[in-house]
Every structure is written in C-alpha cells, then in structure tokens.
Amino acid sequence: MSANDDIPYKTYLAENELPSEWYNIRADMKKKPAPLLNPATLKPVTAEELEHVFCRELVKQELDETTPFIPIPDEVQKFYRMFRPSPLIRAYFLERALGTPAKIYDKFEGNNPSGSHKLNSAVAQAYYAKAQGLRGVTTETGAGQWGTALSMACAFFGLDCQVYMVKCSYEQKPFRREVMRTYGADVTPSPSMKTNVGRAINEAHPGTTGSLGCAISEAVEAAVSQDGYRYVLGSVLAQVLLHQSIIGLEAKSAFDKLGVKPDIIIGCAGGGSNLGGLIAPFMGEKLRGEADYRFIAVEPASCPSLTRGRYAYDFCDTGRVCPLQKMYTLGHDFIPSANHAGGLRYHGMSATLSELYDQGLMEARSVEQTSVFAAAEQFARVEGILPAPESSHAIRVAIDEALRCKREGKEETILFGLTGTGYFDMVAYQKYNDGSMCDYIPNDAELEASFAKLPRC
Ligand SMILES: *Cc1c(COP(=O)(O)O)cnc(C)c1O
C-alpha cells in the first residue's frame, strides 16, 4: 500500500447515513427512454393494462419519468439493514499485483445470503406485493440469483413465491434450486407442462433446455391466471434500476466521505439493473452538467446486445406476452450458447441504459469468457473474494483500464460493481481450470437471422 494514501481498505456508511430515497435517473434525462408498447395495439401501455401483470405501486414507479427521488418504505429500509450498507472496497492488493498507478475501488454486493445485488429489488417488490394484499408472486430465474433473492424476500413478508427456472440451470444447479425451496419457493423447470406457453414451446422444440425469454412467458401466464398473484422481474425494468440505485447512492456517499471522485465507473450488463443502479447518481451529475465520468457497460461476447444489437422495439419474452420495449436487442428468439455467466444471457437491455448508450453518454465493451475467468482468478487470488462470473466481466475491464493507466502513467480512479459471489458457479470455474472452457461469438449471419424477426413498429 502506498505511503501517502490513507484511504481505508473498506468504507462503510453508518446506519443513519443510509439512503432513505431511491434515485430515478429518468427524471434528469432530457430525452426519455421510449415508452413500453402494448403488443396488440402498438400504443403506449397504460397503467391499467400493466396492473393486470404487475403490482400497482410498481407500475406507478415504472411509468414515473419525472420524480427524481422516491422514498424507500420503512419496512424495506429495515430489511436493507440486514445486509446494507455494502462496503466500498479499495482493491489495494489488486493494484499492487498489477503495479498500476490507478486507484481501484469495488462496491461489493455479494455479502448477503442470496449472494448478489438482486436482493435490493426483490425486497422492494415483495413489500409492494404484500402491501397490495396479494397472495403471491411468480417469476423466472436463469442462473438462480434472482429466484433466490425473491424467495428470501417472500419468506420474510409471508408471500407465496413461484419460480420458473430455466431447465438447464434447474438441472445444472440443484443446490441453487434447494436454496430457493428452503426459503419456501415452489420451483418449476421451464419450459414446463403447467402453462399453455410452456406446453407450446415443448411441443415445438422437444427436449429444449429453455431460455430466459421462455421462462418469463410462463411466469407471466402463471401470474395472470391465478387470483391474487402478480409477476415480478429481477432486471431490465425501470423500477428495478430505481431500486438498485441504492448501490450507487451508497457508493457516492462513501466517495464523498473519502473526498474521492471516480473517473471511470464500470459494471457488467445483463438486463442492466446493477449497472443502472451503480451509475445512477453519477450519471445524474453528468446529465445535469455538474461533473463528468466515463461509464463502461461490459457484456459477454456471446450475448452482445449493446455492442452488436439493434436499437429497436422488441418483445421482452419468447412467448410475446410482455409489452414491447425499445432497447438494444439481439432479437427475442436469440439464445446465446456456451456462456457460463448465466445472469448475462438476456437478449435485450434496459430501455434507460439503451437510451443513455444511444445518446453517447455511456460506452460498452464485450469480452470473451476465458478472459473473464482469467480476471476472476487473478482477482480472487489477491483480493480473496470469489466473484460471480457475471461480476467478473466488470473485473476484466477494470483490470484492462488499470493496465492502460499503467502504460500511460495515469493515476485515474476506477470504480466497478462487484455484484456477487460465485459459489454456485464452480462447474464453470472447473471448466476454466480444466482448460475445457471455450469462447463463443455469434457470427453476423446468426444475428441477422435473429434481427429479421424483430417486430415492425
Ligand atoms: C443477475 C446478475 C447480474 C446481471 O444482471 P443485471 O440486471 O444486468 O445487473 C450481474 N451479476 C450478478 C451476480 C447477477 O446475479
């Protein structure tokens, strides 16, 4: 550690310094994200239409583009105290290992039993479902982090939780499944025979191991066909970015306390919720012209929605039951193969982040998974934390930027989102350690075939 640098290894906020409001980045965007469209009428969806599928208060948040700060309900603030604040870590050991003059910080969201940032939104969504007097919620989960977080939150509020888990994960990650069942959730492999859309997909693609888009369709159908149920989603939606702003707000306060200002803020991007939450208050300053930062979204080369996708209206799910969203998308039928970062396999991207990217306010980079696991191991060996494969995408680019600083002799300050731990991903680590992991990059023809199926509107 450098002698003239007395920044602590970890910075925590005190309980009474925790944010009591979420920050809604859309309020500061001059050009707002495009509205969600009803797939039948192609008109902007109304609150009433959305309330058949989603909880009332969450619909309000989804459609609110003007209120900058939204109070965090007391019950949610109390729950947050079980695992928040999360630490802002100065990754001194990584800096030393890289020999870089850059200062590297990470905001670590893996210190809760569900192991990722997803609990920040799960608890909010479960709270609003309970407050509305619902019996339960339905959802999908890919890698399992969202299902785990939601089942924890539902257990706390006494709600029934029905999870449609992408079949290949259901089979490959039996322990994830058991964690959810331990918290009281009902877990069904998707596509299942329980829903019309699941039966149709099973018939059209016998033996399919499922996809996120397909599990979403099943969960939505399950919600609208049962009394007292609503559907909840763990990423992509504006409401989820709103809840995840807690990450950025805490990070910003901690930096203010230290008297430090980051130059570059990096996050992995699946549906965009952790990145959207991490950058929110910083992007707000940039939008208001108060400060400048570089923001970098990192996605897998196998599922490159920002770097190679189209900015267009598309379905959010394979079964086409959800509203249409304008976003960077690879097409709703796109199924990425051989990518071990399960949480980064969604075909689209948050509309808010898509718009910010389109306006040139954010950069994006795609990285191949073997280089991601190399970064994960380099990080784990010096900083101790065993990162989730998703998070390791951000680590890869943080290391790359720190090495650029070394070449250029620059002392930039880098912040990256360390979204979770990788203990349920050891099969992926095993493949990497055995040298049997390969990289997969879709070719242009594959993407073109998928773009051809984008809805015309
Ligand atoms: C789900 C997940 C992600 C990606 O989701 P976003 O909505 O893009 O944040 C990243 N990291 C972890 C650990 C996850 O579980």
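Note that the structure is predicted; figures quoted are calculated from it, not measured.

Engineer: Teacher, can you tell me more about the site of the ligand here?
Structural biologist: Close contacts around the ligand come from 18 residues, with K118, S235, G270, S273 and T419 the closest. Measuring from an oxygen atom of the ligand, one finds a backbone N or O atom of G271 at 3.1 Å. In this structure, T419 approaches the ligand through a side-chain N or O atom, which is 2.7 Å from a nitrogen atom. In the complex, the protein chains occlude 98% of the 380 Å² of accessible area that the ligand would expose alone.

Engineer: Honestly, the pairing of strand 6 (residues 136-141) in this entry has me stumped. Any pointers?
Structural biologist: Among the 6 residues in strand 6, 6 count as buried, and that is most of the element. Alternating positions in strand 6 separate into two faces, G136, T138 and E140 on one and V137, T139 and T141 on the other, with burial throughout. Across 6 bridges, the pairing between strand 6 and strand 7 (residues 160-166) is parallel. Along strand 7, the bridge assignment pairs G136 with D160. Between the parallel elements strand 6 and strand 7, the chain passes through helix 6 (residues 145-157) in a crossover that is right-handed. Two strands pair when backbone bridges link them, and strand 6 and strand 9 (residues 229-231) are joined in this way by 3 bridges, in the parallel orientation. Residue pairing in the sheet places T138 in a bridge with Y231 of strand 9.

Engineer: Just to check I follow, could you spell out the sheet that holds strand 14 (residues 363-367) for this structure?
Structural biologist: The pairing of strands in a sheet comes from backbone hydrogen bonds and takes either a parallel or an antiparallel form. An order of 1-4-5-15-10-11-14 is seen for the 7 strands of this open sheet, with the pairing classed as mixed. If you trace the sheet from one side to the other, it starts and ends with strand 1 (10-11) and strand 14, each paired once. Relative to strand 15 (residues 413-418), strand 10 (residues 264-268) runs parallel, the two being bridged by 3 bridges. Directly across from I266, in strand 15, lies its bridge partner F416. Contacting strand 1, strand 4 (88-90), strand 5 (103-108) and strand 15, helix 11 (residues 238-258) runs over the sheet at an angle of about 140° to strand 5. Lying over the sheet, helix 16 (residues 389-408) contacts strand 5, strand 10, strand 11 (294-300), strand 14 and strand 15, oriented at roughly 150° with respect to strand 10.

Engineer: What should I look at first to understand the pattern of salt bridges in this one?
Structural biologist: Any two side chains of opposite charge can pair, given that their charged atoms come close. Overall, the coordinates contain 31 salt bridges when judged by the stated rule. Residues K410 and E408 are paired through a salt bridge, measuring 3.1 Å at the closest nitrogen-oxygen approach. Accessibility expressed as a relative area gives 42% for E408, which makes it partly exposed. Here the salt bridges do not stand alone but share partners, grouping R294, E363, R365, E401, R404, E408, K410 and E412 into one network.

Engineer: How should I be thinking about the packing of helix 9 (residues 196-204) against helix 10 (residues 212-224) in this particular structure?
Structural biologist: Helices that pack against each other are described as a pair by the angle of their axes relative to one another and the distance between those axes. Taken N-terminus to C-terminus, the directions of helix 9 and helix 10 make an angle of 150°; their axes are 8 Å apart at the nearest point. Residue-level contacts link N196, V197, G198 and I201 of helix 9 to C214, S217, E218 and E221 of helix 10. Split by residue class, the contact of helix 9 with helix 10 holds 3 nonpolar, 3 polar and 2 charged.

Engineer: Where do I start with the environment of F416 in this structure?
Structural biologist: Its location among the elements puts F416 in strand 15. The sequence separation of F416 and L275 amounts to 141 residues, and the corresponding C-alpha distance is 9.2 Å. Dropping the residues within four chain positions of it, F416 is found in contact with I104, Y105, D106, K107, I266, L278, F379, A394, I395 and A398.

Engineer: Looking at this model, I keep getting lost on the pairing of strand 12 (residues 310-315). Mind explaining?
Structural biologist: Each regular strand carries side chains that alternate between the two faces of the sheet. Most of strand 12 sits inside the fold, with 5 of its 6 residues counted as buried. Here strand 12 pairs with strand 13 (residues 324-329) via 6 bridges, running antiparallel. Each bridged residue has a counterpart across the sheet, and for F315 the counterpart in strand 13 is L324.

Engineer: Help me out: how do you make sense of the packing of aromatic side chains in this one?
Structural biologist: Two numbers describe a pair of aromatic rings. These are the distance of the centres and the angle of the planes. Per the stated rule, a full pass over the model turns up 17 aromatic pairs. Ring centres 4.8 Å apart and planes at 85° place the aromatic pair F79 and F156 in the edge-to-face group. Remark: F156 occurs in helix 6 and F79 occurs in helix 3 (residues 74-83); sequence separation between them is 77 residues. According to the relative accessible area criterion, F156 is partly exposed, its value standing at 43%. Arranged with centres 5.3 Å apart and planes meeting at 70°, the rings of Y127 and Y128 form a pair that is edge-to-face. Since its relative accessible area comes to 9%, Y128 is described here as buried. Geometry around Y170 places R177 over its ring, the cationic atom sitting 4.5 Å from the centre. Over the ring of Y311 we find K326; its NZ or CZ atom is 4.4 Å from the centre of that ring.

Calculation criteria
Residues numbered from 1 in each chain as written. Predicted model: local features only at pLDDT ≥ 70, side-chain atom pairs only at ≥ 80, totals over all residues. Heavy atoms only, no water. Near = heavy atom within 4 Å. Polar contact = N/O pair within 3.5 Å; in protein donor to acceptor, adjacent residues only side chain to side chain. Areas by Shrake-Rupley, 256 points an atom, 1.4 Å probe, with all protein chains shown as cover. Buried < 20%, exposed > 50% of the residue type's maximum accessible area, 1.4 Å probe, protein only. Helix = DSSP H or I, 4+ residues; strand = E, 2+ residues; numbered from the N terminus. Pairing = 2+ DSSP bridges. Right-handed = clockwise from strand over helix to strand, strands pointing away. Contact = heavy atoms within 4.5 Å. Axes fitted to C-alpha atoms, helices over the stretch in contact; angles between N-to-C directions. Salt bridge = Lys/Arg side-chain N within 4 Å of Asp/Glu carboxyl O. Nonpolar A, V, L, I, M, F, W, Y, C, P; charged D, E, K, R; others polar. Phe/Tyr/Trp six-rings, centres within 6.5 Å; stacked < 30°, edge-to-face > 60°. Lys NZ or Arg CZ within 6 Å of the ring centre and 35° of its normal.

The values are spatial; any link to function lies outside them.
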